[in-house]
Amino acid sequence: MPRYYFDVRDMEGTFVDEMGLDLPDMDAAIREARKALADMVRDALRELNHDAVSIAIRDGADGPVVVSVSLTTVTPDQLNSRQATD
Amino acid sequence: MTLVDLDIEGLLEPFFSKVGLRDDLSGHERRALVEAADELVWYEPGSDLVVEGERPRRSMLVARGYSARYRDLAGGDRQMLALHVTGDFVDLHSFLLKEMDHSVGALTRCLVVEFPHERLVSVTERFPHLTRLLWLMTLLDSAINREWLVGLGRKSAAQRTAHLICETYTRLHAIGLARDHQFSFPITQSAMADAVGISTVHINRVLQELRQSHLIVWDGGDLTIRNWGELAATADFDDRYLHLVKEHR
């Protein structure tokens, strides 16, 4: 089974995975990353300034597959000024 | 007293310490429990002591090693329901519930002392105070479950992980099996993830953070808590739920 490495980036920085996880294929790795993001986002978004979490999945072969989640807060003012410029 | 009795009494010391923290056990009561014990069995790491759906005829006390109650879900995820340390009964409740609604697995090599249910029935008929203490043991398990529930519902993964570390150290320290904020904890990160209810990718991250903040040192063997005050504060850990108080029960 190939080994996949899950590097996590959030407002606190980047965590490089040195251990990795053996999984059948990249699809399985993406599912694992989504599960991990679900947990991490739950905690991260409770912190006021943490608006994004992403996981870069490395498999040693091609470029990393990046799965990311971001939160945007749009206030009515911002919405109005956006509509004005559309 | 036979040689086997001596062996069993020695193996039950952690349990007697656990009970002794909460109430006094008489010599007769100790003797009754030693006599109720039957087989000694070793379990390899990863093996099951008892399986969901089983109707065991004996209850097991883990005299050495770490074990865990768990449920496996259809998708392959595992949720750990409780972590058991040396001296814990792991399925005392099966004595009354009859059918297991979860499994118990060995996380490390475990030495189990078996207590046939018919002998436990005899103990309950002859030793009411000891019976209440066995009941108390199941209540202590429930108290830990409640604390885990609060964490799973409202705490972050980092807080839950910190809490589990504080809790395990406190449980071992209370019975004299750990001191100086250090304890042997040879369980996998995967098992830690199952205990805290997160993925292995996440536990990897959480543990790295705890290490980088100089709160713990752990390479998979001995775990050292470098800053108890800060770890306990992070975890919002208060040992009251462990009921480490001696009272007439």
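Located above this text is the structure these notes cover.
Residues numbered from 1 in each chain as written. Chains lettered and ligands numbered in written order. Predicted model: local features only at pLDDT ≥ 70, side-chain atom pairs only at ≥ 80, totals over all residues. Heavy atoms only, no water.

1. Some thoughts on the overall build of chain B
Thought 1: The secondary structure content of chain B amounts to 10 helices and 11 strands.
Thought 2: Computed over C-alpha atoms, the radius of gyration of chain B comes to 18 Å, within 12% of the 18 Å expected from 2.2 N^0.38 for 249 residues, which places it in the range of a compact globule.
Thought 3: With respect to the three principal axes, the spread of C-alpha positions in chain B is 55 × 40 × 30 Å.
Thought 4: Across chain B, the fraction of contacts at a sequence separation of at least 24, relative to all contacts at a separation of at least 6, is 74%.
Thought 5: Total accessible area computed for chain B in this model is approximately 11500 Å², and 52% of it derives from carbon and sulfur atoms.
Thought 6: Computing the positive centroid from 28 side-chain charges and the negative centroid from 36, chain B places the two 3 Å apart. (Helix = DSSP H or I, 4+ residues; strand = E, 2+ residues; numbered from the N terminus. Rg over C-alpha atoms; globule rule 2.2 N^0.38 Å. Contact = heavy atoms within 4.5 Å. Areas by Shrake-Rupley, 256 points an atom, 1.4 Å probe, with all protein chains shown as cover. Lys, Arg positive; Asp, Glu negative; His and termini not counted. Charge placed at Lys NZ, Arg CZ, Asp CG, Glu CD.)

2. Examining the overall build of chain A
Thought 1: A tally of helices and strands in chain A yields 2 helices and 5 strands.
Thought 2: Each helix and strand of chain A, ordered N terminal to C terminal, gives the series β-β-β-α-β-β-α.
Thought 3: Its C-alpha atoms give chain A a radius of gyration of 16 Å, more than 25% over the compact-globule value 12 Å for 86 residues.
Thought 4: By its C-alpha atoms, chain A is 55 × 25 × 20 Å across when sized along the principal axes.
Thought 5: Here chain A, with 86 residues, has 33% of them falling under the buried criterion.
Thought 6: Taking the contacts inside chain A whose residues are at least 6 apart along the sequence as the reference set, 42% of them involve residues at least 24 apart. (Buried < 20%, exposed > 50% of the residue type's maximum accessible area, 1.4 Å probe, protein only.)

3. Some points on the interface of chain B and chain A
Thought 1: Chain B puts 19 residues into the contact, and the matching count from chain A is 18 residues.
Thought 2: Between chain B and chain A, a total of about 1400 Å² is buried, with carbon and sulfur atoms accounting for 49% of that surface.
Thought 3: The largest share of the area that chain B buries against chain A comes from Val-201, His-202 and Arg-205 of chain B, three residues that together contribute 42% of it.
Thought 4: Our count for the contact surface shared by chain B and chain A stands at 2 salt bridges.
Thought 5: We note a salt bridge from Lys-35 of chain A to Asp-77 of chain B, for which the minimum N-O separation is 3.0 Å.
Thought 6: The interface formed by chain B and chain A holds 7 residue pairs in polar contact (both at pLDDT 80 or more) in total.
Thought 7: Elements supplying a minimum of two residues to the side of chain B that touches chain A: helix 6 (128-154), helix 7 (157-174) and helix 9 (200-212) of chain B. (Buried area = accessible area lost by both parts, 1.4 Å probe. Salt bridge = Lys/Arg side-chain N within 4 Å of Asp/Glu carboxyl O. Polar contact = N/O pair within 3.5 Å; in protein donor to acceptor, adjacent residues only side chain to side chain.)

4. A few points about the nonpolar core
All names here are of chain B.
Thought 1: If you look at the biggest cluster of nonpolar residues, it comprises 39 residues, and the most contacted ones within it are Ile-165, Phe-183, Phe-185, Met-192, Ile-216 and Leu-231.
Thought 2: Among the elements of the structure, strand 5 (78-84), helix 6, helix 7, helix 8 (189-196), helix 9, strand 10 (216-218), strand 11 (222-225) and helix 10 (228-235) are those that each provide at least two residues to this core.
Thought 3: Of all the elements, helix 7 adds the most residues to this core, at 7 residues.
Thought 4: Sequence-distant contacts of Phe-183, defined by excluding residues within four places in its chain, comprise Tyr-66, Ile-165, Thr-168, Tyr-169, Leu-172, Ala-178, Gly-221, Asp-222, Leu-223 and Ile-225.
Thought 5: Grouped together as the second largest cluster of nonpolar side chains are 29 residues, Phe-16, Leu-61, Phe-115 and Leu-130 included. (Core = buried A, V, L, I, M, F, W, Y, C linked by side-chain atoms within 4.5 Å.)

5. Regarding the packing of helix 7 of chain B against helix 8 of chain B
Each pair of packed helices can be summarised by the angle the axes make with each other and by the distance between the axes.
Residue and element names in this part refer to chain B.
Thought 1: Running from amino to carboxyl end, helix 7 crosses helix 8 at an angle of 110°, the nearest separation of the two axes being 10 Å. Here helix 8 runs roughly perpendicular to helix 7, going by the angle between their axes. Contacts between helix 7 and helix 8 involve Ala-157, Arg-160, Thr-161, Leu-164 and Ile-165 from the first element and Met-192, Ala-195 and Val-196 from the second.
Thought 2: Broken down by class, the residue content of the contact of helix 7 with helix 8 amounts to 6 nonpolar, 1 polar and 1 charged. (Axes fitted to C-alpha atoms, helices over the stretch in contact; angles between N-to-C directions. Parallel < 35°, antiparallel > 145°, perpendicular 65-115°, else oblique. Nonpolar A, V, L, I, M, F, W, Y, C, P; charged D, E, K, R; others polar.)

Taken by themselves, the reported measurements are silent on function.
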